[in-house]
Amino acid sequence: MTKIGNTLIISFIIFSCILLSFIIFSCMLTPVIGAAAENEIRIADNAGDWGYPSPYLAYGRGPGYLRMHFIFDTLVWKDETSDLIPLLAEDWEYIPEKEVYIFNLVNNAKWHDGEPITANDVAFTIDYMKEHPYGWVMLDSVDRAKAVDEHTVKIYMSGPYAPFMEDIGGTMPILPEHIWKYVENPMDYVDTDAFIGSGPFKYVDFSKEHGTYKYEAFDEYYLGKPNVDQLIYVKTADTQMALQLGEADLASIKPDMAETLTEEGFVVIAGPHYWNKNLMINHNKEPLDSVVFRQALAYAIDQDEFVNKSLRGYGKPASHGLISSDSQWANPDVLDYPYDPDKAKEMIASLGYELEDGIFTKNGKALKLEVLVSMIGTGGQSMPDRDGEILKNQLEKVGIQIELISLETKIVDQKVINWDFDLAISGHGGIGGDPKILYEKVIQVPGTKTSPNTARYNKSEELNNLLDDLMHEMDPAKRQEAVFEAQNVYARELPAISLYYPTWYYAYNPDAGVEWFYTIGGVSKGIPIPQNKIAMIRSSAHGEGGIEQTAMQTTDNAQDTPMMPFLGVFAILAAFYIKRSERKP
């Protein structure tokens, strides 16, 4: 065989080896590339359905808002601290003498459909939500909004509104005008376009039946692509087990498992006390319409027993002034009701009741109350709710017959809204953020959807005046005075009775690439759940001027591919053998 023929054969053999090696290595590498491309975060939840993740259809509790906030951005936001940081607005100012807020928007923000975000969208959102009230914000203090130019909007106030920046700037989702201007009834709007927002994630799917949500990263997000490709909520009966089995990356856990999970490599975070279990009261019925009777209930309730039995010690008694004792707005000297069943009996007797065989009666009729209970549990854990039995035992000790009625949480909520109840054990967050929560949980905000956590209590002119002051007083010192006194009057009137604050524990898998955290005061206007979207759009360090992004870039340059070293070796070997064959005689 000729020298040229030998060379061709050797070249063919070497080329075949290279090609085979390339195929084998590609097969080995494919799972790695696929894993990187499908980087996802799974969050476990045992409730599942929190409504469609659009502003108007998300369920009116914190988890519903969180499902929506990944898709829709606000003007400003909060990270770990209670300080506001830029989001759609890169800077802002308030001009007191003109009662106007000026927001300068970032100039590179886009909607998920590629349309640019402008000041017109912000002005439109204000107008739209004034016409179609949105339950999470109150706009009766806003007169109008005007787009000054493409990226500057002025919001004119009809009067001072102290919670504006957190309540409107940091809570109101901005809507795309080019879509929503055609929507006449937002409560019926479930078209695909209803989920086009400007947030770090785009809507993919929601299964009402299975309680699952799926989102994908928005590649053109103005703060940089999120550091995960997909975000998925999975419904599971046991969130902690889902975490341990690798089916979830973030989950609420049982407090007594914190040490075990830490040893297993998970990061455990304990939350502040921004959520309270409380007793809703129908103050339109006798004897619940009496302040004296409601105070008797407070003396009859042993908060420590709830903490020790329901929470196994992982929590603390709640303030009767509603605001969390962990909040900067908490009155340290708020009126209290130490457990005193004898005093409770005396107060009930003062209303004309007589104690017969351990039961109070009046006009021959026993004092009997129904108590609605549900699985509104603490920390998202599926566990038997002992609060109903504990409350029943405590109130029956002071002569009140109690009938427990166990229902689903949403049914209890609806009965409370319809005034179809006596007492209901419920719970809500928001008590660590702006003290506007006092107003929201006492007064039904005009023009907004009724909340099952709002007492709708207007029988105290003194409390009403203090609530008005805390909403409109712009001087911080004077506002704090009003907030402190409002807590005292709330504790005296007891529109509802706070029972305890659970200490919530969450755990996450650090290998998933997201460092979750609790936000001081709560996410947005006070949601006490560690699912702040900021965790997925920046690295653990962020600069003073904004959010520092995590670099997750790919390159098309061949010299950067993992196969290049192998191909280089094969090329050198090929050249060596060809050269050697040419030298043979």
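Residues numbered from 1 in each chain as written. Predicted model: local features only at pLDDT ≥ 70, side-chain atom pairs only at ≥ 80, totals over all residues. Heavy atoms only, no water.

**Details of the pattern of salt bridges**
Rule in force here: One speaks of a salt bridge when a side-chain nitrogen belonging to Lys or Arg is within 4 Å of a carboxyl oxygen belonging to Asp or Glu. Runs of E in the DSSP output that reach at least two residues are strands. Runs of H or I that reach at least four are helices, and both are numbered from the N terminus. Exposure is judged per residue with a 1.4 Å probe applied to protein chains only, and the accessible area is read against the type maximum: over 50% gives exposed, under 20% gives buried, and values in between give partly exposed.
Scanning all chains against the criterion turns up 28 salt bridges. Residues Lys202 and Glu216 are paired through a salt bridge, measuring 3.5 Å at the closest nitrogen-oxygen approach. In this pair, Lys202 sits in strand β8 (residues 201-207) while Glu216 sits in strand β9 (residues 212-217), placing the two residues 14 residues apart along the sequence. According to the relative accessible area criterion, Glu216 is partly exposed, its value standing at 33%. Among the salt bridges present, the one from Glu440 reaches Lys436, with a minimum N-O distance of 2.3 Å. Residue Glu440 and its partner Lys436 are located together in helix α13 (residues 436-442), separated by four residues, close to a single helical turn. You'll find Glu440 and Lys436 in the same group, each marked buried. One connected set of salt bridges, linked through shared partners, spans Asp167, Lys436, Glu440 and Lys525.

**Quick word on the confidence of the model for the protein chain**
In plain terms, the rule: Confidence of the predictor at the level of single residues is captured by pLDDT, which takes values from 0 to 100. Whether two residues are in contact is decided by their heavy atoms, any of which lying within 4.5 Å being enough.
Mean pLDDT over the protein chain: 87, with 84% of residues reaching 70 or higher. Predicted confidence is poor over residues 17-37, with pLDDT under 50, and the contacts of this stretch with residues over four places away or in other chains come to 13 contacts. Ignoring residues within four places in sequence, the model shows residues 539-585, a span with pLDDT below 50, making 52 contacts including any to other chains.

**Here we look at the packing of aromatic side chains**
As a reminder of what qualifies: A pair of aromatic rings is counted whenever rings of Phe, Tyr or Trp (Trp by its six-membered ring) have centres within 6.5 Å, and the orientation is called stacked for planes under 30 degrees apart, edge-to-face for over 60 and tilted otherwise.
According to the stated counting rule, one finds 28 aromatic pairs in the structure shown. When the ring of Tyr101 is compared with that of Phe164, the centres are 3.8 Å apart and the planes differ by 15°; the resulting orientation is stacked. Taken together, the positions of Tyr101 in strand β5 (residues 100-105) and Phe164 in helix α4 (residues 164-169) put the pair 63 residues apart, joining distant regions of the chain. For Tyr101, a relative accessible area of 6% corresponds to the buried category. Among the aromatic side chains, those forming a connected cluster through ring pairs are Tyr52, Phe70, Phe195, Phe201, Tyr203, Phe206, Tyr213, Tyr215 and Tyr233.

**Regarding the nonpolar core**
The line we're drawing: Residues belong to a common nonpolar core when they are buried Ala, Val, Leu, Ile, Met, Phe, Trp, Tyr or Cys residues joined through side-chain atoms within 4.5 Å.
In this structure, Ile41, Phe103, Ile155, Phe164, Trp180, Trp516 and Met536 are the most contacted members of the largest nonpolar core, which totals 118 residues. The element contributing the most residues to this core is helix α3 (residues 119-131), with seven residues. In this structure Phe164 touches Tyr101, Phe103, Val142, Ile155, Met157 and Gly169, once residues within four positions along its chain are discounted. Judged by nonpolar contacts, the second largest core, of 35 residues, contains Leu367, Leu423, Leu499 and Tyr500.

**Comments concerning helix α12 (residues 409-417)**
Rule in force here: Each direction from the helix axis to a C-beta atom contributes to the arc, which is the arc of those directions.
Of all the residues in α12, the buried ones are Thr409, Val412, Asp413, Val416 and Ile417. All buried residues of α12 project into a common sector of 140° when viewed along the axis, lining one side. Along its buried surface, α12 packs onto β13 (276-281), β18 (368-373) and β20 (423-428). Looking at the residues trailing α12, positive phi occurs at Trp419, about 60°.

**Digging into the environment of Glu220**
Inspection of the secondary structure puts Glu220 in the loop between β9 and β10 (230-235). Taking the C-alpha atoms as reference points, Glu220 and Gly114, 106 residues apart in sequence, are found 8.4 Å from one another.

**Some thoughts on a negative patch on the surface**
Using the following cut-off: Patch definition: residues above 30% relative accessible area lacking any salt bridge, with like charges linked at up to 9 Å and the nonpolar side chains Val, Leu, Ile, Met, Phe, Trp and Tyr linked at up to 5 Å. Calculation of accessible area relied on Shrake-Rupley with a 1.4 Å probe; when residues are assessed, cover is drawn exclusively from the protein chains displayed. The convention is simple: Lys and Arg are positive, Asp and Glu are negative, and His and the chain ends are not counted. The atoms used to mark charge sites are NZ of Lys, CZ of Arg, CG of Asp and CD of Glu.
Taken together, Asp113, Glu115, Asp191 and Asp193 make up a surface patch of like negative charges. Residue position: Glu115 is located in the loop between β5 and α3. Since its relative accessible area comes to 41%, Glu115 is described here as partly exposed.

**A word on the environment of Tyr221**
Cut-off, in case you're wondering: Each polar contact in these results corresponds to two N or O atoms within 3.5 Å; when the atoms are within protein, one needs to be able to donate a hydrogen and the other to accept it, and residues that are neighboring in sequence are counted only if both atoms are side-chain atoms.
Within the fold, Tyr221 resides in the loop between β9 and β10. The spacing of Tyr221 and Trp111 is 110 residues in sequence and 8.6 Å in space, taken between C-alpha atoms. Apart from residues lying up to four places away in sequence, Tyr221 is in contact with Asp73, Leu87, Ser198, Gly199, Pro200 and Ile537. There is a polar contact of 2.6 Å between the side chain of Tyr221 and the side chain of Asp73.

**Notes on the side chain of Lys78**
Structurally, Lys78 can be placed in strand β2 (residues 76-78). Among the polar contacts made by the side chain of Lys78, one reaches the main-chain carbonyl oxygen of Gly522 at a distance of 2.9 Å. Among all residues touching Lys78, those that are not within four sequence positions of it are Asp83, Leu84, Ile85, Glu166, Thr519, Ile520, Gly521, Gly522, Ser524, Asn532 and Ile534.

**Digging into the packing of helix α9 (residues 303-310) against helix α11 (residues 387-396)**
Basically, it comes down to this: Orientation is described by axes fitted as lines to C-alpha atoms, over the contacting stretch for helices, and by angles from 0 to 180 degrees between their N-to-C directions. Working rule for handedness: look at the near helix, and if it is turned counterclockwise from the far one by less than a right angle, call the crossing left-handed; if clockwise, right-handed. In this classification, Asp, Glu, Lys and Arg are treated as charged, Ala, Val, Leu, Ile, Met, Phe, Trp, Tyr, Cys and Pro as nonpolar, and every other residue, Gly included, as polar.
Where α9 meets α11, the closest approach of the two axes is 10 Å, and the angle between their N-to-C directions is 150°. Like other packed secondary-structure pairs, α9 and α11 cross with a definite hand, here right-handed. Residues Glu305, Phe306, Lys309 and Ser310 of α9 lie in contact with α11, whose contacting residues are Asp387, Ile390, Leu391 and Gln394. Classifying every residue of the contact of α9 with α11 gives three nonpolar, two polar and three charged.

**Side note on the sheet that holds strand β15 (residues 354-356)**
Backbone hydrogen bonds are what pair the strands of a sheet, in a parallel or an antiparallel way. Let me state the cut-off plainly: In this description, strands pair whenever DSSP reports at least two bridges between them.
The strand order across the open sheet formed by three strands is β15-β16-β17, and the pairing between neighbours is antiparallel. Single-partner strands in this sheet number two, and they are β15 and β17 (365-366). As paired elements, β15 and strand β16 (residues 359-362) share three bridges and run antiparallel to each other. Residue pairing for β16: Leu355 is matched across the bridge by Phe360.

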